[in-house]
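# Structural characterization, general
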Amino acid sequence: MITVIRSIEEWNQYRTNDVGDRSLGFVPTMGGLHEGHCSLAERSLSENDFTAVSIFLNRTQFNKAADYDSYPADFAQDVGKLEILGVDAVFAPDYDSMYPDSYNYRVSEHVDSLPREGARRPGHFDGVLTVVMKLLNISGAGRAYFGEKDYQQLQLVKGMVDTFFMPIEIVSCETVRAFDGLALSSRNRRLSDEARTKAATFPQILSSAQSSEEAIALLEDAGFEMEYVEEEDGRRFGAVTLEGVRLIDNWKLAVAAPR
Ligand code: PAF
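Residues numbered from 1 in each chain as written. Predicted model: local features only at pLDDT ≥ 70, side-chain atom pairs only at ≥ 80, totals over all residues. Heavy atoms only, no water.

### With respect to the overall build of the protein
To be explicit about the condition: Labels follow the DSSP assignment, with helices taken as runs of H or I lasting at least four residues and strands as runs of E lasting at least two, numbered in each case from the N terminus. Exposed residues in this analysis have more than 50% of their type's maximum accessible area, buried residues have under 20%, and partly exposed residues fall in between, with area computed by a 1.4 Å probe over protein chains only. By definition in these notes, contact holds between two residues if any of their heavy atoms fall within 4.5 Å. Each accessible area is a Shrake-Rupley result for a 1.4 Å probe, and residues are judged covered by the shown protein chains and nothing else. Asp and Glu count as negative and Lys and Arg as positive, but His and the ends of the chain are not part of the count. Charged groups are reduced to one reference atom each: NZ for lysine, CZ for arginine, CG for aspartic acid, CD for glutamic acid.
Helix and strand content of the protein: eleven helices and nine strands. Along the longest, intermediate and shortest principal axes, the C-alpha atoms of the protein span 55 × 40 × 40 Å. The 259 residues of the protein split such that 51% are buried. For the protein, long-range pairs separated by at least 24 residues make up 70% of all intrachain contacts whose partners lie at least 6 apart in sequence. Carbon together with sulfur atoms contributes 50% to the accessible area of the protein, which is approximately 12900 Å² in total. Across the protein, 26 positive and 41 negative side-chain charges occur, with their mean positions spaced 2 Å apart.

Here it is, written out as C-alpha cells:
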C-alpha cells in the first residue's frame with residue numbers, strides 16, 4: 001500500500017519511523033504524471049530502499065495564471081499510477097505549509113537562469129529553485145531524480161545543491177519520448193489530434209537542422225510559433241508554441257568527426 005502524506009509533520013514522522021536509516025530516493029513533481037515521471041520513479045525504485053514522490057503544483061513558478069489554471073491535475077489517478085509502480089509514499093503538502101513566509105524568502109540564481117526559459121518566463125526559476133530547496137530539505141533523501149527535458153532546470157538545481165552544500169545527489173535522467181519522438185510533457189494532452197501529430201516535427205527539426213538559424217526557419221515554415229532555438233555547451237535548446245501550448249526540448253549536438 002502506498003502511503004499518502006499531506007503534512008510536513010506527518011512526513012517527518014514517516015521519515016524517522018518508516019524509512020529510518022534506509023536509503024531514500026525522491027522524485028519531485030507537480031502531478032499530471034506521465035511515462036516520463038514514471039521512469040524517474042522507476043529509476044529511484046531500482047537505486048533506493050524507499051522511494052517517495054511529491055505532488056505539489058507550485059504556483060510560484062508559473063508566470064502566467066492561465067498556465068497554472070490549466071495544468072492537468074488528477075490526484076487520485078496520479079497516486080494510482082505510483083501505487084502500481086511500487087512507490088512507497090506520496091508527499092502532497094498544501095501551499096500554506098510550503099510557504100509559511102508568503103514567499104518572502106526565495107532562492108535566485110543570477111547568471112545561468114537568465115537566458116532561454118528564464119528570459120521568457122520571468123520569475124520562473126526563482127519559484128522552481130525555492131520550492132526544490134524546500135522539498136529536498138524536507139525530504140531528507142539521499143538522491144533526487146530530475147529529467148533532462150528541463151535541462152536548464154536540472155543544471156540550476158545541481159548548481160544550487162553544490163552552492164548551498166545540500167547533502168543530496170541529483171540524478172539526471174534521459175528525456176522520455178513518445179513513439180514519434182515528442183518529449184513527454186503534462187502539457188501535451190492539451191494539444192488537438194492534429195497539433196499533436198504536427199508536434200512530432202519539433203524534435204525532428206531541432207535535432208537534424210544544420211544550425212539554429214536553419215531550425216528556426218524550418219520550424220516557422222512548419223507553422224510553429226517560435227520562441228527560441230539557441231546553442232550552448234554542445235547542446236541545442238528550443239521552445240515553440242502550438243495551439244497556445246508551449247513545447248520545449250533539447251539535444252546534444254553531434255561532434256564533427258576529425259578529418
Ligand atoms: O519539473 C517540475 O515538474 C517542477 O519544476 C518541479 C521540479 C517539480 C518543481 O516544482
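Text resumes after the structure shown.
### So, the pattern of salt bridges
What counts, and what does not: Any Lys or Arg side-chain nitrogen located within 4 Å of an Asp or Glu carboxyl oxygen qualifies as a salt bridge.
Per the stated rule, a full pass over the model turns up 14 salt bridges. Here Arg121 makes a salt bridge to Asp67, at a shortest N to O gap of 3.8 Å. With Arg121 in the loop between helix H6 (117–120) and helix H7 (124–139) and Asp67 in helix H3 (residues 65–69), this residue pair connects regions lying 54 residues apart in the sequence. Assessed through its relative accessible area of 9%, Arg121 is described here as buried.

### Details of the packing of aromatic side chains
We apply this condition: Only Phe, Tyr and Trp rings are paired, with Trp represented by its six-membered ring, and only when their centres lie within 6.5 Å; those with planes under 30 degrees apart are stacked, over 60 edge-to-face, the remainder tilted. Put simply, a charge is over a ring when the Lys NZ or the Arg CZ is close to the ring centre, within 6 Å, and near the line of the ring normal, within 35 degrees.
Under the definition given, this model contains ten aromatic pairs. For the pair Trp11 and Phe91, a centre-to-centre distance of 5.6 Å together with 45 degrees between the ring planes defines the contact as tilted. Here the residue Trp11 occupies a position in helix H1 (residues 8–19), and Phe91 occupies one in strand S4 (residues 89–91), the gap between them amounting to 80 residues. Phe91 gets classed as buried once you look at its relative accessible area, which sits at 1%. Among the aromatic side chains, those forming a connected cluster through ring pairs are Trp11, Tyr14, Phe50 and Phe91. In this structure, Arg6 packs its charged tip against the face of Phe75, placed 4.3 Å from the ring centre. Above the plane of the ring of Tyr103 lies Arg106, whose end atom (NZ or CZ) is 3.7 Å from the centre.

### Looking at empty space enclosed by the protein
What counts here: Every definition here rests on a 1 Å grid over the protein atoms only: cavities are sets of points where a 1.4 Å probe fits but cannot get out, pockets are open sets enclosed by protein on both sides within 12 Å along at least five of seven lines, and lining residues have some atom within 4 Å of a point. Grid points are joined across faces, edges and corners, and a volume is the space filled by probe spheres set on the points. Put simply, Ala, Val, Leu, Ile, Met, Phe, Trp, Tyr, Cys and Pro go in the nonpolar bin, Asp, Glu, Lys and Arg in the charged bin, and everything else, Gly too, in the polar bin.
Tallying each qualifying case throughout the model produces one cavity of 30 Å³ or more. Taken as a whole, the largest cavity holds about 910 Å³ of empty space. Lining of the largest cavity is provided by 50 residues; of these, His37, Tyr71, Lys149, Asp150 and Gln153 occupy positions nearest its centre. Elements with a contribution of two residues or more to the lining of the largest cavity: strand S2 (24–29), helix H2 (35–47), H7, strand S5 (143–147), helix H8 (151–163), strand S8 (235–242) and strand S9 (245–252). If you tally residues by element for the lining of the largest cavity, the top one is H7, at six residues. Looking at the lining of the largest cavity residue by residue, the class counts come to 23 nonpolar, 16 polar and eleven charged.

### Thoughts on the sheet that holds S8
Here is the rule: DSSP-based pairing: two strands are paired if at least 2 bridges between them are found. Axis angles are defined between N-to-C directions and span 0 to 180 degrees, where every axis is a line fitted to C-alpha atoms and, for a helix, only to the segment in contact.
The sheet built from three strands is open, its strands ordered S7-S8-S9 with antiparallel pairing. Pairing within the sheet leaves two strands with one partner each, and these edge strands are strand S7 (225–232) and S9. Strand-to-strand twist of the sheet, defined as the mean angle between neighbouring strand axes without regard to direction, takes the value 10 degrees. Relative to the sheet, helix H10 (residues 201–208) contacts S7, S8 and S9, its axis offset from that of S9 by approximately 35 degrees. This element, helix H11 (residues 212–221), spans S7 and S8 of the sheet and lies at about 160 degrees to S7.

### A word on the site of the ligand
The cut-off we apply is this: One heavy atom within 4 Å of a molecule or strand makes the whole residue count as near it. Polar contact is the term for a pair of N or O atoms within 3.5 Å; when the atoms are in protein, one must be able to donate a hydrogen and the other to accept it, and sequence-neighboring residues count only if both atoms are side-chain atoms. For this analysis, a molecule is said to be in a pocket or cavity if more than half of its atoms are within 2 Å of the grid points defining it.
Around the ligand, the neighbouring residues are Pro28, Thr29, Met30, Asn58, Gln61, Val131, Val132, Phe146 and Gln153. Taking Gln61, its side chain carries an N or O atom lying 2.7 Å from an oxygen atom of the ligand. Within the side chain of Gln153, one N or O atom sits 2.7 Å away from an oxygen atom of the ligand. Its atoms largely coinciding with the cavity grid, the ligand occupies the largest cavity. Listing elements by their share of the shell around the ligand, those giving two or more residues are S2 and H7.

### Quick notes on the sheet that holds S5
Ordered in space as S1-S4-S3-S2-S5-S6, the six strands form an open sheet in which the pairing is parallel. Whereas interior strands pair on both sides, the edge strands pair on one side only; in this sheet they are strand S1 (3–5) and strand S6 (169–173). In this sheet, adjacent strand axes meet at a mean angle of 25 degrees when their direction is disregarded. Two strands pair when backbone bridges link them, and S5 and S6 are joined in this way by five bridges, in the parallel orientation. Considered in S6, the bridge of Phe146 is made with Ser172. Set on the sheet, H8 makes contact with S5 and S6; between it and S6 the angle comes to about 165 degrees.

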